[in-house]
Amino acid sequence: MMKKIFALVAAALMLSACGEKPNEGPTPQGGQLAKPAGVAVVEETITTTSAEVNWQPVENATGYDYRLLASATMVASGNTDQPSVKFENLTANTAYRFEVRALGNDKEWQNSQWNSSLEFTTLLRDQAEDGSLQPSVIVAADGSGDYTKVADAIGRIPKNNQNPFVIYVKEGVYKEKLLISKGYDNVVLVGDGRGKTVITYDDCQGTYNGADSSLPETQRRSYTLRVESQGVAIMDMTIENTHQNNTGSGDQAMAVEVKYGKVSFFDCDITGYQDTFLGRDDSARVYVKDSLVEGNVDFIYGASVMVFDGCQINVNRDGAAITAPSTSANAPYGIVFLDCDVTADEMGFNGAKVNNIYLGRAWHYAAKSVWVRCKMAATLNADGWMANMNDDVAEASKIFAEWGCTYADSADSDLTKRKNGGRALTDDEAAGYTLANIFADVDNLEAFTTKPAVKLN
């Protein structure tokens, strides 16, 4: 199956490989036609052995020169009066650079420099003819795949991809800090199963990348995996941050950070200690299904709209607040748990018995954390909720609530005794906590909340 990639390219691009500078062209005057603007390449469709490139028509252009290079070798060149060209008989898994320039009646146009280019790599393997998903690239620690590092496979994701790009990560332990950047969309990251495919790192805000203020923001964050793109599904793997928060300060250590986009997780273990899972931006939408999320201090937190559906939420140290929402004022929903099982280790990782856990504490703004039809741990403190962390929490807009949950003893279940704003939802309120309502701004809800079917063999 073909893959479409949309990439806007800056006009008048400096092509260092060709040693040429863009031609600025004359200023229009006295009836002289304006030089065509720089060509903007808008689409390419690639397979393992072909590529079709389309670009935006240029006003006043009489035609276009184009050329295709592999490294410094000319593969094809020609002229066309249409803003499109197709190349056949290319080599799979090969990097190419396409260059194009607009032509016109003016002699200076005819000698204009190559002012726009597009780089792409033909696919390693085509998708199945029946349209089913199969790996685009394979990662294997033992060298049996296309790459041994997940980051190298992520580097193959086409920008503004329109069809699923499937990265299959075979069983193994991969110590890597991974970033799926904004614009690299429609990705399926699939492993061989929880505990089999393990993505691990141990950064925190006080060590490694997190301690180096000279690094770009995207690198010095403490995450093991950060996602900034649309339509990403991650499934059948463990993502962990193994840094333990036992120093007393500087211990933010995220396993997952979702900065932007719409991101789904299916059948994953997402584990850490302090700040395990961050939904950072209020525009992000996060759906987590049939997964384990584990940590202690504020380990599910942020401004994003997040739903944990049928998940196990496990606490690994005494005194933990599970959630720390910073929901924006215009968001009717924040961090929502549907049909989840709240558990706690008998002994914390620090050797202290786990006696009290809490459902959350407000971090900022119109904080919202709601639990619907969940099974609560026996160690849930009867207060339910801890005091706000900051003075900017809007109490009138905060929602800390439970509905339809089951409890281990009567002290836990008396919601009239909840503190710091905790309460029961009314039946009418609870009826509104559906995926359709919570993700009302998600265009294709079924695709977002359904685990992709991938043929791995």
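See above for the structure.
Draft legend 1. Geometry of the side chain of Thr224. Following the sequence through the fold, Thr224 ends up in the loop between helix 3 (217-220) and strand 15 (225-227). A residue is classified by how much of its surface remains accessible, and Thr224, at 0% relative accessible area, is buried. Excluding residues within four positions of it along the chain, Thr224 makes contact with Glu176, Lys177, Leu178, Ile199, Thr200, Tyr201, Ile239, Glu240, Asn241, Met254 and Ala255.

Draft legend 2. The arrangement of the sheet that holds strand 25 (residues 321-325) in detail. Taken together, seven strands build an open sheet; the order of strands is 12-15-17-19-22-25-28 and the sheet is parallel. A strand with exactly one partner marks an edge of an open sheet, and here the two such strands are strand 12 (178-180) and strand 28 (358-360). For this sheet, the mean angle separating the axes of adjacent strands, direction not counted, is 15 degrees. In terms of strand pairing, strand 25 meets strand 28 through two bridges, oriented parallel. Following the sheet pairing, Thr323 is matched in strand 28 by Gly360.

Draft legend 3. The sheet that holds strand 4 (residues 63-70), seen in detail. Strand order in the open sheet formed by four strands is 5-4-7-8, with antiparallel pairing between adjacent strands. Each having just a single partner strand, strand 5 (73-80) and strand 8 (116-121) make up the two edges of the open sheet. Here the strands of the sheet are splayed against their neighbours by 15 degrees on average, with no regard to which way each runs. Pairing analysis gives seven bridges linking strand 4 to strand 7 (residues 95-103), with the strands arranged antiparallel. Bridge pairing links Arg67 to Glu99 in strand 7.

Scoring rules and cut-offs
- Residues numbered from 1 in each chain as written.
- Predicted model: local features only at pLDDT ≥ 70, side-chain atom pairs only at ≥ 80, totals over all residues.
- Heavy atoms only, no water.
- Helix = DSSP H or I, 4+ residues; strand = E, 2+ residues; numbered from the N terminus.
- Buried < 20%, exposed > 50% of the residue type's maximum accessible area, 1.4 Å probe, protein only.
- Contact = heavy atoms within 4.5 Å.
- Pairing = 2+ DSSP bridges.
- Axes fitted to C-alpha atoms, helices over the stretch in contact; angles between N-to-C directions.

That's the geometry; what it means functionally is another story.
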